[in-house]
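Listed below are the residues making up each chain.
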Amino acid sequence: MSVTISSEWQRVRMLAAAHQQYEGTRRSPKWFSRPADASPGTNTISQGSDTLADVETSAKKQTDQLGISLSTFQSNHEGQIVDRIQEARGHCDFVILNPGGLTHTSVTIRDALLGVQIPFIEVHVSNIHAREPWRNHSYFSDKAVAVICGLGVFGYTAAIDFIARKLDVQKGS
Ligand SMILES: O=C1C[C@@](O)(C(=O)O)C[C@@H](O)[C@@H]1O
């Protein structure tokens with residue numbers, strides 16, 4: 001579907017893949033985006049204690065307030081993410097995607113996103129450009145509406161806020 005708003009509810013899909021960061025229990029740090037070789041105490045913005053459930057709850061609250069319908073999905077399996085993207089065709093105005101490690105490898109997810117022609121924002125909790133050189137390349141960035149990295153989980157909040165404004169402009173409100 002194009003970015004045209006065709007329903008009262010704007011629809012956004014938030015997808016997360018192969019996350020090294022969503023591990024652990026509620027009491028311990030859940031996402032580990034700090035480079036393993038960074039000195040303790042450095043790069044603190046990329047360390048956090050939010051669980052995937054925390055991120056989803058907060059995103060849901062934010063989208064409810066904005067009048068946006070949100071569906072979320074996390075998988076470690078590339079094919080499941082591709083399926084989810086293909087299912088979104090005609091049902092979704094925007095995708096927020098953190099492809100995790102697949103950022104640096106997945107031609108398949110890239111092709112799926114281009115195939116459905118849904119605009120998307122690429123989010124990384126860490127600054128992938130400040131990490132290992134092989135993390136600097138993304139198979140998504142050149143096709144993304146925007147890329148947010150290094151803001152921790154606030155990147156998801158920023159992405160939703162941006163989408164709400166963009167969809168409002170398109171609606172003419
Ligand atoms: O799994 C991840 C998380 C990540 O996408 C991020 O959100 O910072 C960055 C990727 O390089 C890494 O493999």
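Along each chain, residue indices are assigned from 1 in the same order as the chain's sequence is written. Whole-chain, interface and lining totals are the exception, using all residues; otherwise, since this is a predicted model, local features are given only for residues with pLDDT of at least 70 and side-chain atom pairs are given and counted only at 80 or more. Heavy atoms from the whole structure form the basis of all side-chain values; hydrogens and water molecules are not counted.

The protein is annotated in an unreviewed UniProt entry as Catabolic 3-dehydroquinase from Saxophila tyrrhenica. UniProt positions are given in the numbering used here, feature names are shortened, and annotations may be inferred rather than shown by experiment. According to the UniProt record, the Catalytic activity (unreviewed entry) comment for the protein reads "3-dehydroquinate = 3-dehydroshikimate + H2O". The heading Function (unreviewed entry) in the UniProt record of the protein holds the text "Is involved in the catabolism of quinate. Allows the utilization of quinate as carbon source via the beta-ketoadipate pathway."

Mind laying out the pairing of strand E6 (residues 120-124), listing which residues take part and the relevant values?
Within E6, 5 of the 5 residues are buried, which leaves it mostly tucked inside the rest of the structure. Each residue gets one of three labels from its accessible area relative to the maximum for its type: buried under 20%, exposed over 50%, partly exposed in between, using a 1.4 Å probe on protein chains only. Secondary structure elements are taken from DSSP: a helix is a run of H or I of four residues or more, a strand is a run of E of two residues or more, and numbering for both begins at the N terminus. Of the two faces of E6, the one holding Phe 120, Glu 122 and His 124 and the one holding Ile 121 and Val 123 are both buried throughout. A pair of strands counts as paired when DSSP detects no fewer than two bridges linking them. As paired strands, strand E5 (residues 94-98) and E6 are joined by 3 bridges and run parallel to one another. Paired with Leu 97 across the two strands is Glu 122, which belongs to E6. Running through helix H3 (residues 107-116), the crossover from E5 to the neighbouring parallel element E6 is right-handed. The sheet contact formed by E6 and strand E7 (residues 146-149) spans 4 bridges and is parallel. Residue pairing across strands places Glu 122 opposite Val 147, the latter belonging to E7. Orient the strands so they point away from the viewer; a crossover is then right-handed if the path from the first strand over the helix to the second runs clockwise.

Give a description of unusual backbone geometry that names residues and reports values.
Negative phi is the rule for most residues except glycine; trans is the rule for most peptide bonds. Positive phi is not limited to glycine here, since Gln 117 has a value of about 55 degrees. Residue placement: Gln 117 occurs in the loop between H3 and E6. Classification of Gln 117 as exposed rests on a relative accessible area of 62%.

Tell me about the packing of helix H1 (residues 52-66) against helix H4 (residues 154-171), and please be specific about residues and values.
For any two helices packed against each other, one specifies the inter-axial angle together with the distance between the axes. In this description, a line fitted to the C-alpha atoms serves as the axis of each element, helices being fitted only across the stretch in contact, and the angle between N-to-C directions of two axes falls anywhere from 0 to 180 degrees. Where H1 meets H4, the axes come as close as 10 Å, and the angle between the chain directions of the two elements is 20 degrees. Judged by the angle between their axes, H1 and H4 are roughly parallel. Handedness of the H1/H4 crossing: right-handed. On H4, the residues touching Val 55, Ala 59, Gln 62, Thr 63 and Leu 66 of H1 are Tyr 156, Thr 157, Ile 160, Asp 161 and Ala 164. Under this scheme an angle from 65 to 115 degrees is roughly perpendicular, one under 35 degrees roughly parallel, and one over 145 degrees roughly antiparallel; angles in between are oblique. Should the near helix be turned anticlockwise from the far one by less than a right angle, the crossing is left-handed, and should it be turned clockwise, the crossing is right-handed. Whether two residues are in contact is decided by their heavy atoms, any of which lying within 4.5 Å being enough.

Just give me the short version of the packing of helix H2 (residues 78-87) against H3, but keep the residues and values in it.
Across the interface, H2 lies against H3 with an axial gap of 9 Å and an inter-helix angle of 5 degrees. When the axis of H2 is compared with that of H3, the two are roughly parallel. Contacts from Glu 78, Ile 81, Val 82, Ile 85 and Gln 86 in H2 reach Thr 108, Ile 109, Ala 112, Leu 113 and Val 116 in H3. Residue classes follow a fixed rule: Ala, Val, Leu, Ile, Met, Phe, Trp, Tyr, Cys and Pro count as nonpolar, while Asp, Glu, Lys and Arg count as charged, and any other residue, Gly among them, counts as polar. Partitioned by chemical class, the residues of the contact of H2 with H3 number 7 nonpolar, 2 polar and 1 charged.

Give a description of the UniProt feature "transmembrane region" (unreviewed entry) in the protein that names residues and reports values.
As recorded in UniProt, the sites labelled "transmembrane region" (unreviewed entry) are residues 144-164. Helix and strand shares over residues 144-164 are 52% and 19% respectively, and the end C-alpha atoms of the span are 16 Å apart.

Run through the packing of aromatic side chains, naming residues and quoting values.
Stacked, edge-to-face and tilted labels apply to pairs of Phe, Tyr and Trp rings (six-membered ring for Trp) whose centres lie within 6.5 Å, assigned for plane angles under 30 degrees, over 60, and everything in between, in that order. Across all of its chains, the model carries 1 aromatic pair by this definition. Here the aromatic rings of Phe 120 and Phe 140 are separated by 6.5 Å at their centres, their planes lie at 90 degrees, and the arrangement is edge-to-face. In this pair, Phe 120 is assigned in strand E6 and Phe 140 in the loop between E6 and E7, connecting sequence segments 20 residues apart. Neither residue differs from the other here; Phe 120 and Phe 140 are each classed as buried.

Now, about the UniProt feature "active site" (unreviewed entry) in the protein: what can you tell me, with residues and values included?
According to UniProt, the positions carrying the feature "active site" (unreviewed entry) are His 124. Positionally, His 124 belongs in strand E6.

So, the side chain of Thr 51: which residues are in play, and what are the values?
Looking at the secondary structure, you find Thr 51 in the loop between strand E3 (47-48) and H1. Polar side-chain contacts of Thr 51 include one of 2.9 Å to the backbone nitrogen of Asp 54. A 3.5 Å cut-off defines polar contacts: any pair of N or O atoms within that distance qualifies, except that in protein one atom must be a possible hydrogen donor and the other a possible acceptor, and neighbouring residues in sequence count only when both atoms are side-chain atoms.

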